[in-house]
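Residue-level structure breakdown
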Amino acid sequence: MRRLLLALLLALPAAAAAYDRGELAEFNDLYRAGQYEEALEGYRQLIAKEPSNQWGWYNAANALFRLNRMGPAIYHYSRAFTLDPRSQDIRGNLDFALRHTGQRLVPEGAPAALHYFYYIVSERELKALSLLLFWLGCLAWAAGFLLDGNKWSGPACRTAAAAGLLLLCSLAWLGARQTSAFSSAGVVTKAGGTRMLSGPGDNFKTYASAPEGRIVKILDTDDEAYYEIGLPKEGIKGWALKTDIDKI
Amino acid sequence: MRKNLPVLLALAALLCAAPARALLTVTAGTDRDTVQIDDNLYLTVTVSGDSASVPEPKLPNMQNFNVYSSGRSQSISIINGKITTSVSFTYMLTPRFLGAQTIPSISVFNGREKAVTSELTVTVVKAAQQPKPQQPAAPRQPAARPQRPSPAARTAAVKGERIFLKAETDRKSAYPGEQINISIKFYTSVPLSSNPQYMPPSFKNLISEDLPPVRNGETEINGTRYAYSEIKAALFALAPGPAQVGPATVIAQVPAQDQIDPFDPNFFQKFMAMSGAQGRSMEFTTDLVKLDIKPLPAGAPASFGGAVGDYTVTAAADRPDARAGEAVNFSVTVSGSGNLKAVIAPKFPDLPDFKVFDTMSSLDVRKDNDVITGKKTFTYILVPRSEGRKTVPPVRFSYFDPRAGEYRELQTEPVTLTVEKGGQAAKSVNFNPGNSGAPVRASGSDIAYVSDRTGRDSLPLLSGAVLSLPWWVHTGPLALLTLSFWLARFNRFKLANPLLFRFRQARSEASRDIDEAEALIKAGKTNEAVALLYDSFLDYLSDKCGLKVSALTMKKAGELIKSRFPKATERSLGEIRELWEALELRHYSPGTAGREGAGDLAKKYSLLLEFLEKELR
């Protein structure tokens with residue numbers, strides 16, 4: 001009985017996937033036929049229904065790339081990458097699109113394997129892992145109190161200590177990821193790029209411009225119409241219209 | 001002579017080997033040797049090689065012609081597993097100067113070998129004075145021929161504009177994929193001082209295909225002579241709904257004095273060749289052109305893949321007979337007018353008698369008379385599985401005919417192959433036997449194809465489920481941890497102070513015993529009830545004193561109580577003795593314990609408990 005329940009539980013996502021595949025295949029057929037605008041519309045519907053579906057973002061990015069809309073394509077690839085950083089297709093296409101705009105996925109000088117490991121789990125997965133480790137640590141510690149008494153060498157207490165250590169590691173990893181390129185970041189999606197002003201308003205001087213497709217750091221979101229953005233490579237920051245930038 | 005024999009033999013061997021290695025070849029040819037200055041000719045460069053792909057030719061810089069790419073067509077043959085590819089690249093050439101013009105050598109290089117064509121010479125003659133009859137093989141050239149000006153141009157001329165730019169489409173409404181021609185004309189009645197800069201329009205819901213060359217000419221509008229340059233493009237709508245052509249812009253330097261005569265026969269050459277800004281810079285833009293794109297009607301056949309236009313379809317194999325296991329090229333060719341680039345391969349029928357390998361497509365586009373025509377060939381490699389007469393069933397292809405406003409479905413004729421028994425060598429298809437040791441070279445890069453996965457991987461699902469829990473759920477483990485910490489401390493305290501807990505619980509245990517005894521009395525089991533009350537009373541006193549009272553005499557027990565609880569009064573001690581004696585008497589003499597007596601004892605014990613709880617603290 002228990003096995004049957006397990007089998008049913010495992011079969012549920014597969015059945016749901018089979019149901020959705022028809023709709024996705026229809027949009028992919030449009031893409032294959034070169035009807036990128038129509039395919040993009042379909043992929044957008046899919047994203048609206050399932051915002052955490054990385055393949056919706058990825059396929060939409062492909063259609064945008066074919067339509068030569070590089071900024072929105074990089075934004076969609078970035079969203080797909082943040083959801084599923086392990087996918088070789090997503091990584092490959094994001095890197096390809098970034099190279100079209102003079103950027104790289106793997107920073108220059110960084111070993112590709114290290115970069116892959118650093119992004120082997122998404123931020124959501126890392127957060128969920130931290131929460132599960134917190135649960136495991138607390139439950140094991142509670143069991144240690146009740147079962148092992150004062151003995152720290154008991155199995156429950158050892159599990160609690162290991163979970164605590166892993167939790168600290170995952171929190172450190174999560175903290176480090178907060179400073180990475182795709183965290184608190186946005187992509188310039190306006191065709192032709194965006195102006196960087198010295199303040200949040202048109203009355204301030206334009207002193208730089210960020211090209212379309214450029215991944216920028218979002219430093220301040222408080223203003224209604226403007227983001228304060230930073231270009232770490234160039235070491236400059238400025239204010240750009242929120243409508244010109246899509247937050248990853 | 002004998003001394004030089006090995007050297008001569010080696011040279012002879014090299015001479016013999018050289019033609020054998022010349023596997024990459026390139027040839028070039030034009031469709032005519034003589035062309036008028038206002039006409040075009042087609043240059044076809046054919047590259048052949050022994051691998052699945054051949055390099056694209058590198059065209060030399062040709063100052064004497066304007067060059068436009070006009071498509072490519074590919075053919076592949078596989079004989080005894082050896083692959084031979086031939087790709088024809090077609091270019092449309094527009095002459096710029098009169099006289100004998102040379103097309104320089106064209107070279108191709110595949111990384112190992114280089115091949116070149118010989119030079120070609122074409123004679124360019126003056127344009128005929130009278131309009132020539134329309135030739136099907138060459139596009140109609142409107143240059144140097146008076147044209148009837150468009151109504152928009154006439155309106156501009158009426159307003160007295162000396163220079164203006166107009167964009168017009170040949171229709172305002174079309175189906176997705178139906179060709180719409182746009183003409184952008186730059187009129188000037190004054191000479192310009194420099195080469196004007198043209199910025200093409202942006203398109204919304206449209207893709208464009210150039211219709212070269214740039215046409216130049218002159219026309220008279222309302223009594224004013226204008227020189228004009230016309231750029232044409234074919235547009236294809238992507239989806240039903242509104243579509244628009246954005247403004248095209250020309251920036252021109254308009255001088256104070258005439259510098260280029262607009263009616264000079266070489267006006268355009270001067271017009272395009274001059275550089276350096278002089279005079280006043282002026283910008284001319286066209287108006288926004290809005291188009292209505294109608295949806296395709298319902299009822300498309302199952303084989304419809306989005307093709308719009310007027311097409312025919314044929315199918316053929318590269319030979320009528322083959323051996324089992326040997327590759328045969330099977331081509332399906334879609335010919336006609338329409339956006340051939342968007343035509344997708346027709347669905348291939350199921351072929352149980354053949355293994356079907358990848359599809360290759362080649363495109364050959366012509367732009368004669370400003371109509372996009374040509375053919376697209378989809379080549380499949382079929383490998384017969386067994387001998388006998390094998391038939392490839394008809395391939396269905398359907399398209400939407402915008403003129404008739406209806407779908408049409410075509411099918412190819414069935415193709416029959418005679419398959420003989422294959423030898424061992426023919427059973428495996430080796431696509432590149434001659435270069436098995438050659439390294440793989442990347443010839444380009446592109447994004448990976450779209451995915452048909454649905455994103456329901458277990459890890460993202462699990463993480464999504466965990467993160468979607470409300471925040472307070474995650475305080476659960478902390479609460480549990482706090483509770484277990486308290487319980488553990490409590491247990492340790494309890495284990496360390498057993499007498500204290502027995503002291504605190506004495507009353508509740510005694511009360512429970514009284515309740516149980518009363519139930520026994522009601523059930524008529526008075527002896528058991530008295531025994532229970534007796535044991536309970538002694539246990540109560542033991543728990544309160546911290547010593548086993550049943551092992552003491554009544555007097556010693558009284559002294560113990562007095563020493564442990566100095567505030568205990570004589571009355572309470574007397575009550576204890578009295579109950580103890582009564583219980584002892586009834587316990588050891590069961591006959592004396594009637595139902596009423598047992599009940600009285602239980603009540604008395606209950607009242608004494610209340611009293612003692614106040615004193616034994």
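Conventions we followed
Residues numbered from 1 in each chain as written. Chains lettered and ligands numbered in written order. Predicted model: local features only at pLDDT ≥ 70, side-chain atom pairs only at ≥ 80, totals over all residues. Heavy atoms only, no water. Helix = DSSP H or I, 4+ residues; strand = E, 2+ residues; numbered from the N terminus. Buried < 20%, exposed > 50% of the residue type's maximum accessible area, 1.4 Å probe, protein only. Contact = heavy atoms within 4.5 Å. Areas by Shrake-Rupley, 256 points an atom, 1.4 Å probe, with all protein chains shown as cover. pLDDT = per-residue confidence, 0-100. Expected span 1.5 Å × (residues − 1). Pairing = 2+ DSSP bridges. Axes fitted to C-alpha atoms, helices over the stretch in contact; angles between N-to-C directions. Patch = residues over 30% accessible without salt bridge, like charges linked within 9 Å, V, L, I, M, F, W, Y side chains within 5 Å. Salt bridge = Lys/Arg side-chain N within 4 Å of Asp/Glu carboxyl O. Buried area = accessible area lost by both parts, 1.4 Å probe. Polar contact = N/O pair within 3.5 Å; in protein donor to acceptor, adjacent residues only side chain to side chain. Left-handed = near helix turned anticlockwise from the far one by under 90°. Nonpolar A, V, L, I, M, F, W, Y, C, P; charged D, E, K, R; others polar. Core = buried A, V, L, I, M, F, W, Y, C linked by side-chain atoms within 4.5 Å. Domains from an automatic or database assignment.

1. Thoughts on the overall build of chain A
A count of helices and strands for chain A gives eight helices and seven strands. Residues classed as buried in chain A amount to 45% of the 248 residues present. A sequence separation of at least 24 residues applies to 55% of the contacts in chain A between residues at least 6 apart. Just so you have it, chain A exposes about 12800 Å², and 61% of that area is on carbon and sulfur atoms.

2. Focus on the confidence of the model for chain B
Residue and element names in this part refer to chain B. Mean pLDDT for chain B: 79, with 80% of residues reaching 70 or above. A low-confidence stretch, residues 7-22 stays under pLDDT 50, and its non-local contacts, those more than four residues away or across chains, total three contacts. Between residues 131-146, whose pLDDT stays under 50, and residues either more than four places distant or in other chains, the model counts 42 contacts.

3. Some remarks on helix 10 (residues 570-588) of chain B
Its 19 residues give helix 10 of chain B an end-to-end C-alpha distance of 27 Å, which sits within 8% of 27 Å, the value for a rise of 1.5 Å per residue. The set of residues buried in helix 10 of chain B consists of Ser-572, Leu-573, Ile-576, Leu-579, Trp-580, Ala-582 and Leu-583 of chain B.

4. Some remarks on the environment of Val-121 of chain A
Residues and elements named next belong to chain A. Positionally, Val-121 belongs in the loop between helix 6 (112-118) and helix 7 (123-148). Judged by relative accessible area, which is 17%, Val-121 ranks as buried. Residues within four places of Val-121 in sequence aside, it is in contact with Pro-85, Arg-86, Leu-126, Trp-173 and Arg-177.

5. Points about the sheet that holds strand 13 (residues 197-199) of chain B
Note on sheets: strands pair through backbone hydrogen bonds, and any given pair is parallel or antiparallel. Residues and elements named next belong to chain B. The strand order across the open sheet formed by three strands is 13-18-19, and the pairing between neighbours is antiparallel. Across the chains shown, the open sheet's two edge strands, defined by having one partner strand only, are strand 13 and strand 19 (280-285). Averaged over neighbouring strand pairs, the angle between their axes works out to 20° when direction is ignored. In this sheet, strand 18 (residues 249-254) lies alongside strand 13 in antiparallel orientation, the contact comprising three bridges.

6. Re a nonpolar patch on the surface
Side chains of Leu-139, Leu-146 and Leu-147 of chain A together with Leu-480, Leu-483, Trp-486, Leu-487 and Phe-490 of chain B sit close together on the surface and give an oily, nonpolar patch of about 770 Å² of accessible area. Sort the elements by how many residues they give to the nonpolar patch and helix 6 (residues 476-496) of chain B lands first, with five residues. As for its placement among the helices and strands, Phe-490 of chain B is situated in helix 6.

7. With respect to the interface of chain A and chain B
Counting from both sides, the interface comprises 43 residues of chain A and, opposite them, 35 residues of chain B. Summed over the three residues of chain A that lose the most area to chain B, namely Trp-55, Trp-135 and Phe-145 of chain A, the buried surface amounts to 15% of that side. Counting across the interface, chain A meets chain B through zero salt bridges. Applying the counting criterion to the chain A and chain B interface returns seven residue pairs in polar contact (both at pLDDT 80 or more). For the side of chain A that touches chain B, the leading source of residues is helix 7 of chain A, giving 14 residues.

8. Considering the packing of helix 3 (residues 54-66) of chain A against helix 5 (residues 88-100) of chain A
Residue and element names in this part refer to chain A. Two elements in contact, helix 3 and helix 5, have axes whose closest approach is 11 Å; the angle formed by their N-to-C orientations is 35°. For the element pair helix 3 and helix 5, the recorded crossing hand is left-handed. Contacts between helix 3 and helix 5 involve Gln-54, Trp-55, Tyr-58, Asn-62 and Phe-65 on the former and, on the latter, Asp-89, Ile-90, Asn-93, Phe-96, Ala-97 and His-100. Its residues assigned to classes, the contact of helix 3 with helix 5 shows six nonpolar, four polar and one charged.

9. Structural notes on unusual backbone geometry
Residue and element names in this part refer to chain A. The backbone phi angle of Asn-68 is positive, close to 65°, even though this residue is not glycine. Topologically, Asn-68 is positioned in the loop between helix 3 and helix 4 (70-83). When its relative accessible area of 59% is taken as the criterion, Asn-68 is described as exposed. The phi angle at Ser-184 is positive, at roughly 45°, despite the residue not being glycine. Position of Ser-184 among the secondary structure elements: in the loop between helix 8 (155-177) and strand 1 (185-188). The exposure class assigned to Ser-184 is partly exposed, which follows from its relative accessible area of 40%.

10. A few points about the sheet that holds strand 29 (residues 415-420) of chain B
Residues and elements named next belong to chain B. Strand order in the open sheet formed by three strands is 22-29-26, and the pairing between neighbours is mixed. Both edges of this open sheet fall to strand 22 (321-323) and strand 26 (388-392), since each of them pairs with a single strand only. Strand-to-strand twist of the sheet, defined as the mean angle between neighbouring strand axes without regard to direction, takes the value 35°.

11. Quick look at the confidence of the model for chain A
Taken over all residues, the pLDDT of chain A has a mean of 86, while the share at 70 or more is 89%. Counted against residues more than four places away or in other chains, residues 8-19 of chain A, with its pLDDT under 50, gives four contacts.

12. Examining the pattern of salt bridges
What the rule picks out here adds up to 21 salt bridges over all chains. A salt bridge links Arg-69 of chain A to Glu-37 of chain A, with the shortest nitrogen-to-oxygen separation between them at 3.3 Å. With Arg-69 of chain A in the loop between helix 3 and helix 4 and Glu-37 of chain A in helix 2 (residues 36-49), this residue pair connects regions lying 32 residues apart in the sequence. A residue is classified by how much of its surface remains accessible, and Arg-69 of chain A, at 29% relative accessible area, is partly exposed. Look at Glu-37 of chain A and you get partly exposed, because its relative accessible area is 28%. Between Lys-544 of chain B and Glu-613 of chain B there is a salt bridge, with the nearest N and O atoms lying 3.2 Å from each other. Taken together, the positions of Lys-544 of chain B in helix 8 (residues 526-545) and Glu-613 of chain B in helix 11 (residues 595-615) put the pair 69 residues apart, joining distant regions of the chain. Comparing Lys-544 of chain B with Glu-613 of chain B shows no difference in burial state: the two are buried. In the salt-bridge network here, residues are joined through shared partners; they are Asp-170, Arg-171 and Glu-178 of chain B.

13. Brief notes about the nonpolar core
Tyr-43, Phe-65 and Tyr-77 of chain A are the most contacted members of the largest nonpolar core, which totals 37 residues. For this core, the secondary-structure elements that each account for two or more residues are helix 1 (2-32), helix 2, helix 3, helix 4, helix 5 and strand 1 of chain A. Inspection of this core shows a minimum of three residues originating in each of domain 1 (2-118) and domain 3 (185-247) of chain A. The contact partners of Tyr-43 of chain A, leaving out residues within four places of it in the chain, are Leu-24, Phe-27, Asn-28, Tyr-31, Gly-56, Asn-59, Ala-60 and Ala-63 of chain A together with Val-450 of chain B. Counting 35 residues, the second largest nonpolar core, distinct from the first, contains Ala-506, Ile-514, Leu-538 and Ile-561 of chain B.

14. A few points about the environment of Ser-542 of chain B
Residues and elements named next belong to chain B. With respect to the secondary-structure elements, Ser-542 resides in helix 8. Taking relative accessible area as the criterion, Ser-542 reaches 4% and is therefore assigned buried. Residues Ser-542 and Ile-561, spaced 19 residues apart in sequence, show a C-alpha to C-alpha distance of 9.7 Å. A polar contact is formed between the side chain of Ser-542 and the backbone nitrogen of Val-549, at a distance of 3.0 Å.

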